[in-house]
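Summary of the model geometry
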Amino acid sequence: MNFLRGVMGGQPTGPQPTGAETIQKLCDRVASSTLLEDRRDAVRALKSLSKKYRVEVGNMAMDHLVRILQTDRSDTEILGYALDTLYNIVCNDEEEEPEENQQKQEDDLGAQFTDKFVQEPENVTLLLTLLEEFDFHVRWPGVKLLTALLKNQCAQVQGIILVSPMGVSRLMDLLADSREVIRNDGLLLLQQLTKGNAAIQKIVAFENAFERLLDIITEEGSSDGGIVVEDCLLLLLNLLKNNSSNQNFFKEGSYIQKMKPWFEVGDDNSGWSAQKVTNLHLMLQLVRVMVSPVNSPGATASCQKAMFQCGLLQQLCTILMATGVPADILTETINTVSEVIRGSEVNQDYFASVNAPSNPPRPAIVVLLMSMVNERQPFVLRCAVLYCFQCFLYKNHKGQGEIVATLLPSTIDANSISAGQLLCGGLFSADSLSNWCAAVALAHALQDNLTQKEQLLRVQLATSLGKPPVSLLQQCTNILSQGSRVQTKVGLLMLLCTWISNCPIAVMHFLHNQDNVPFLTGQISENLGEDERLVQGLCALLLGICIYYNDNSLENYTKEKLKQLIEKRIGKENFVEKLGFITKHELYSRAGQKPQPAFSTPEHMLFDHEFTKLVKELEGMITKAVLKSSEEEKKEEEVKKTLEQHDSIVTQYKELIREQDSQINELKEQVTLLASQNEKMQSTMTQQVSQIQQHKDQYNILKLKLGKDNQQTGNQAEAAHMNGLQPEELSQLREQLEELQRQNQLLQTQLGEKDSLITSLKAEGVSSAESSTSEVTVLQREVEMLKSQLQRQTAEVTQLQSERQELLRGSDTTAAVPGENSLYTEKIAELESRLSAQTAENQKLKEEVKTLLESQESMEKDLASATSTAAIMQAEKSKLQQEVQESKKEQDDLLMLLADQDQKILSLKQRLKDLGETIEDEDDLDSKDQFDDDDDEEEEEECDE
């Protein structure tokens, strides 16, 4: 103990040992002492020396301390000392402000000792198990130590925790600790744990992290809370940023609705604390993470819908129009509203209806644009307003039309300021940044909207008193030619390129001004400085658009003439090189990364994100269009025409095939129906034949039973009975039999007629598809008639069979009466003969139906061949008609050319005559002779009269 007193500051009794010797002795004591109190005192001494002798304690004592954590789990005091000592070894002291070299050495030491600690993954696992201890002196230093390890070697420690069973769950339990210091340090630990590891982020989210964090934020006072709210928001950002799974889980869990109370700002917005500004800034960033343009479109759209439905967008717009809001919060709110409405039609419509609380009320869009074109406003605020305006018009054709409509003469209101007036004012102001912002904003009003590009051509501007108004297109080119600053030129050129691209009418209006093309060629051909190279590239792009989207309506500026002009004054290779200056600019790739305009200084505002897409789309097409020769273009046009003709022919054949397929399907259905009906009839006939056979068997049995003697004695009784009722029945049966015979004869004559018709059709051939179709239809109807007749005959046979059964029953009852049996036997024989005749007729009808079905099939085959022949003839006819039209067109063109040539010859001769030259060529003589002949003919006609 004297040794410990010397270490702890007692009076030395002899030579004082060095720090390394003292630490070595303490390490030996920790390793060799059997008493827990001695080990505890030695670890306490190491803790007191760990800050001053960090290197020595780390090198000598780390293994002993880890062993203490493993063996002395029952004593929380020694565990706390060991954890504190390890924390002092691996942690870089951030409280003081050391020099740079010293700080670097401290960081290196922390990383070195962390590597040594995590070389054994069991050490980190041991630390995770110690966090289950509820004792404050163990849990708190354990949290701090694990946080320090994550700061120094994040990826390695994350990997160990990820594979450790229940590792993340043990850390999530820290948020439920009732002691605020452990809970708050647990937040810091989870912040380090979730950095850049999507797997851990998902596990933390599914451990109910969102619910716990939102509850802590609410308990701490939301935006008015302290540093704990900030830590919770930072952890939420780690969990949601670039993690689509967690974002979907956050949305599906209805946590977006719980964000609305964060943005309930009162009327008194004076005196915001720095912590409140930080908290609200992080809350706005959290909203933006959910609706970021880099997310998948479906996920973004669903989050935008949820934010509108729960009133979050309305709350943000309230902050946007409130007074007294700090500038950085207002800027971030504008950016947040921008991304909440970007591409969402419902949200864009709501934003268009928001009014500022002014007298009279003005639309929020107008108020924001006033800030954008005001050069006294902060630069970041102006950028945010431009981004908001771009997001409002993104895929919003209705909003684009409303903005352009404010510039048209019929909708201008002199008593109010409109968005179009503000954009025009900014476009032609003295501030180059306002010029650029207004030009880009107006270009977004025309993006992918041909209708508004044509409507904007109607806009007229009054430049000064006494001068006629000029078009907006012309005024833009006038400002370009006046030698403005580079930023202004770039903005106007981007506007013009967006305006006339894919709009031949706008191209014609632009080329109609005789000064535009010489200005562009002059700009491209000059050798300007580095700053002007971008302007040259944009001028080349504008001229290339005039070539690519030219409809050759202006004779002086057709595609071919413009290409010849480029070849003579600029050179094709030089033109393509100047066009490439755009994509080679250092700010081009930066602008193409994300939609939000993010510029460090106003001078760097040169490119717009949507314009970079347009350049990528047009650069290759313009290069090909300029480098192609006229012969290649003609060949391409001929190929296009050929392809179009081929496509039209193919389309016709496809339609014909579809019609034939539909007809074939209908006929197949009819054949299937007839086949099924035929099967039913055959089954019915089979049943009838079996019944007739049964009746014959019964008759034979009756024959055997009845004797010949009974037949002779019963003749008189039977005759008497016949004189009563039976003669009427027999007469009815005879009439029915005669009727059936007549019908059978009629059917046979009809079948003969049809056979002759089929024979004549086979001999003569089918003239057309329509006649064949009608004949097949008639044939089908006749088959139906035969079937119905067959059904009627079947019913009659059934009736005859019922009569026969009655007779048989009558014979049974009168078997005892002498003389009646023979009479019944005769009637039965008569009925059997009638039944056999009907059966024969039915069989004959079945054969006739079968023959008709076969003839129907042959007719259908003839129909198909006739249809194909008609289709081929129709195609040849259309081809001949097309050739005739083309020849007529060529003939008309030749006549027009001859007429033009004659007119030119006559005008030239007239000019020569005016100059005093005498002209006596063959044409004149011929014409003169012709006129003389005409005069002679007229005189002869007069004489005749």
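Residues numbered from 1 in each chain as written. Predicted model: local features only at pLDDT ≥ 70, side-chain atom pairs only at ≥ 80, totals over all residues. Heavy atoms only, no water.

1. Brief notes about the overall build of the chain
Applied cut-off: Strands here mean DSSP runs of E at least two residues long; helices mean DSSP runs of H or I at least four residues long; both are numbered from the N terminus. Burial classification: accessible surface area is computed with a 1.4 Å probe over protein chains only, and a residue below 20% of its type maximum counts as buried, one above 50% as exposed, and the rest as partly exposed. In this analysis, two residues are considered to be in contact whenever any of their non-hydrogen atoms come within 4.5 Å of each other. For the accessible areas, the method is Shrake-Rupley and the probe is 1.4 Å, while residue cover comes only from the protein chains on display.
A tally of helices and strands in the chain yields 43 helices and 4 strands. Out of the 945 residues belonging to the chain, those deemed buried represent 44%. Contacts in the chain between residues at least 24 apart in sequence constitute 73% of all its contacts with a sequence separation of at least 6. As presented, the chain carries roughly 50,500 Å² of accessible surface, and 50% of it is formed by carbon and sulfur atoms.

2. Section: a negative patch on the surface
Put simply, the rule is: Patches here: salt-bridge-free residues with over 30% relative accessible area, like charges joined within 9 Å, nonpolar side chains (Val, Leu, Ile, Met, Phe, Trp, Tyr) joined within 5 Å. The working definition used for a salt bridge is a side-chain nitrogen of Lys or Arg within 4 Å of a carboxyl oxygen of Asp or Glu. Neither His nor the chain ends contribute to the count of charged residues, in which Lys and Arg are positive and Asp and Glu negative. In this description, the location of a charge corresponds to atom NZ of lysine, CZ of arginine, CG of aspartate or CD of glutamate.
A surface patch of like charges, here negative, comprises Glu883, Glu886, Glu890, Asp892 and Asp893. Here glutamate 886 falls in the partly exposed class, since its relative accessible area comes to 37%.

3. Digging into empty space enclosed by the protein
Over the atoms, a rolling probe the size of a water molecule traces out where space has been left empty. Rule in force here: Only protein atoms enter the 1 Å grid, on which a cavity is a set of points fitting a 1.4 Å probe that cannot get out and a pocket is an open set with protein on both sides within 12 Å along at least 5 of 7 lines, lining residues being those with an atom within 4 Å of a point. Grid points are joined across faces, edges and corners, and a volume is the space filled by probe spheres set on the points.
Here the structure, examined in full by the defined rule, presents 6 cavities of 30 Å³ or more. For the largest cavity, the calculated volume is near 50 Å³. Around the largest cavity, the lining residues are Arg342, Tyr387, Gln390, Cys391, Tyr394, His444, Pro595, Asp608, His609 and Glu610. Elements with a contribution of two residues or more to the lining of the largest cavity: α22 (379-393) and α36 (609-627).

4. A short note on the packing of aromatic side chains
Rule in force here: Planes of paired rings set the category: under 30 degrees apart is stacked, over 60 is edge-to-face and the rest tilted, where pairs are Phe, Tyr or Trp rings (Trp by its six-membered ring) whose centres lie within 6.5 Å. Whether a charge sits over a ring comes down to the Lys NZ or Arg CZ being within 6 Å of the ring centre and within 35 degrees of the ring normal.
Overall, the coordinates contain 12 aromatic pairs when judged by the stated rule. For the pair phenylalanine 250 and tyrosine 255, a centre-to-centre distance of 5.4 Å together with 40° between the ring planes defines the contact as tilted. Its relative accessible area of 7% is what places tyrosine 255 among the buried residues. An angle of 55° between the planes, with centres 6.0 Å apart, marks the rings of phenylalanine 351 and phenylalanine 392 as tilted. Pair noted here: phenylalanine 351 is in helix α20 (residues 345-353) and phenylalanine 392 is in helix α22, with a separation of 41 residues, a long-range link. No difference in accessibility class separates phenylalanine 351 from phenylalanine 392, as the two residues are buried. Each residue in the set Phe206, Phe210, Phe249, Phe250 and Tyr255 is aromatic and connected to the rest through ring pairs, giving one cluster. One Lys or Arg, lysine 144, reaches over the ring of tyrosine 87 and ends 5.1 Å from the middle of that ring. Against the face of tyrosine 394 rests arginine 342, its NZ or CZ located 3.8 Å from the ring centre.

5. Some thoughts on the packing of helix α13 (residues 209-219) against helix α14 (residues 227-240)
What counts here: With axes taken as lines fitted to C-alpha atoms, and helix axes fitted only over the stretch in contact, angles between N-to-C directions fall between 0 and 180 degrees. Here is the rule for angles: anything less than 35 degrees is roughly parallel, anything more than 145 is roughly antiparallel, 65 through 115 is roughly perpendicular, and the remaining ranges are oblique. Two helices that cross are described as forming a left-handed crossing if the nearer one is turned anticlockwise from the farther one by less than a right angle, and a right-handed crossing if clockwise. Classes in brief: Ala, Val, Leu, Ile, Met, Phe, Trp, Tyr, Cys and Pro nonpolar; Asp, Glu, Lys and Arg charged; the others, Gly included, polar.
Closest axis-to-axis distance for the α13/α14 pair is 9 Å, and the angle between their directions is 155°. With respect to α14, the axis of α13 lies roughly antiparallel. Here the hand of the crossing between α13 and α14 comes out left-handed. Across from Ala209, Phe210, Leu213, Leu214, Ile216 and Ile217 in α13, the residues of α14 making contact are Val228, Val229, Cys232, Leu233, Leu235, Leu236, Leu239 and Leu240. Here the contact of α13 with α14 is composed, by residue class, of 14 nonpolar, no polar and no charged.

6. A few points about the pattern of salt bridges
Pairs may arise between side chains of opposite charge once their charged atoms sit close together. Under the counting rule described, the total for this entry stands at 18 salt bridges. Arginine 39 serves as the salt-bridge partner of aspartate 72, at 3.1 Å between the closest nitrogen and oxygen. With aspartate 72 in the loop between α4 (54-71) and α5 (76-90) and arginine 39 in helix α3 (residues 36-49), this pair connects stretches of sequence that are 33 residues apart. Each member of the pair, aspartate 72 as well as arginine 39, is classed as buried. In this structure, the salt-bridge partner of arginine 170 is glutamate 132, at a minimum N-O distance of 2.8 Å. One end of the pair, arginine 170, is in helix α10 (residues 167-172); the other, glutamate 132, is in the loop between α7 (121-130) and α8 (136-152), with 38 residues separating them in the sequence. Looking at glutamate 132, the relative accessible area reads 51%, which means it is exposed. Several salt bridges converge on common partners, so that one network encompasses Arg40, Asp41, Arg44, Asp75 and Glu77.

7. Side note on the environment of alanine 82
Inspection of the secondary structure assignment puts alanine 82 in helix α5. Residues alanine 82 and methionine 62, 20 residues apart in the sequence, show an inter-C-alpha distance of 9.2 Å. Look past the residues within four positions of alanine 82 in its chain and what remains in contact with it is Val43, Leu65, Ile68 and Leu69.

8. A word on helix α16 (residues 274-290)
In plain terms, the rule: How far a helix is expected to stretch is found by multiplying one less than its residue total by 1.5 Å.
The terminal C-alpha atoms of α16, which comprises 17 residues, lie 25 Å apart, in line with the 24 Å expected from a rise of 1.5 Å per residue. Counting buried residues along α16, 12 of its 17 residues qualify, which places the element largely inside the surrounding structure. Of all the positions in α16, only Lys276, Val277, Asn279, Leu280, Leu282, Met283, Leu284, Leu286, Val287, Arg288, Val289 and Met290 are classed as buried.

9. Quick look at helix α17 (residues 297-309)
If you check α17, its first and last C-alpha atoms are 18 Å apart, about what 13 residues at 1.5 Å a residue would give, namely 18 Å. Buried residues along α17 sit against α15 (244-252), α16, α18 (312-321), α19 (327-341) and α20. Once α17 ends, the next one or two residues include glycine 311, with phi positive near 90°.

10. What about the packing of helix α31 (residues 533-548) against helix α32 (residues 559-569)?
Taken N-terminus to C-terminus, the directions of α31 and α32 make an angle of 150°; their axes are 9 Å apart at the nearest point. Between α31 and α32, the interaxial angle falls into the category roughly antiparallel. Of α32, the residues touching α31 (which contributes Leu543, Cys546, Ile547 and Tyr548) are Lys559, Leu562, Lys563 and Ile566. Split into classes, the residues belonging to the contact of α31 with α32 amount to 6 nonpolar, no polar and 2 charged.

11. Things to note about unusual backbone geometry
Although it is not a glycine, serine 254 adopts a positive phi angle of roughly 60°. Among the secondary structure elements, serine 254 is positioned in the loop between α15 and α16. Of the residues examined, serine 254 reaches a relative accessible area of 37% and is grouped as partly exposed.

12. Some points on a nonpolar patch on the surface
Taken together, the side chains of Leu162, Val163 and Ile203 make up a nonpolar region of the molecular surface, amounting to roughly 250 Å² of accessible area. One can find leucine 162 in helix α9 (residues 154-163). Judged by its relative accessible area of 34%, leucine 162 falls in the partly exposed class.

13. Comments concerning the state of the cysteines
Rules: Our working definition of a disulfide is a cysteine sulfur pair at a distance within 2.5 Å.
All told, the structure shown has 0 disulfides when counted by the stated rule. No disulfide involves cysteine 383; its sulfur sits 6.3 Å from the nearest other cysteine sulfur, which is in cysteine 437.

14. What to know about the confidence of the model for the chain
Note the cut-off: pLDDT is a residue-level measure of predictor confidence that goes from 0 to 100.
The predicted model of the chain averages 81 in pLDDT, with 78% of residues at 70 or higher. Here residues 939-945 scores under 50 on pLDDT; set against residues more than four positions off or in separate chains, the count is 0 contacts.

15. Points about the environment of alanine 356
Positionally, alanine 356 belongs in strand β1 (residues 355-356). A C-alpha to C-alpha distance of 9.0 Å links alanine 356 and leucine 320, two positions 36 residues apart in sequence. Contacts of alanine 356, omitting those with residues within four sequence positions, involve Met321, Pro361, Arg362, Ala364 and Val367.

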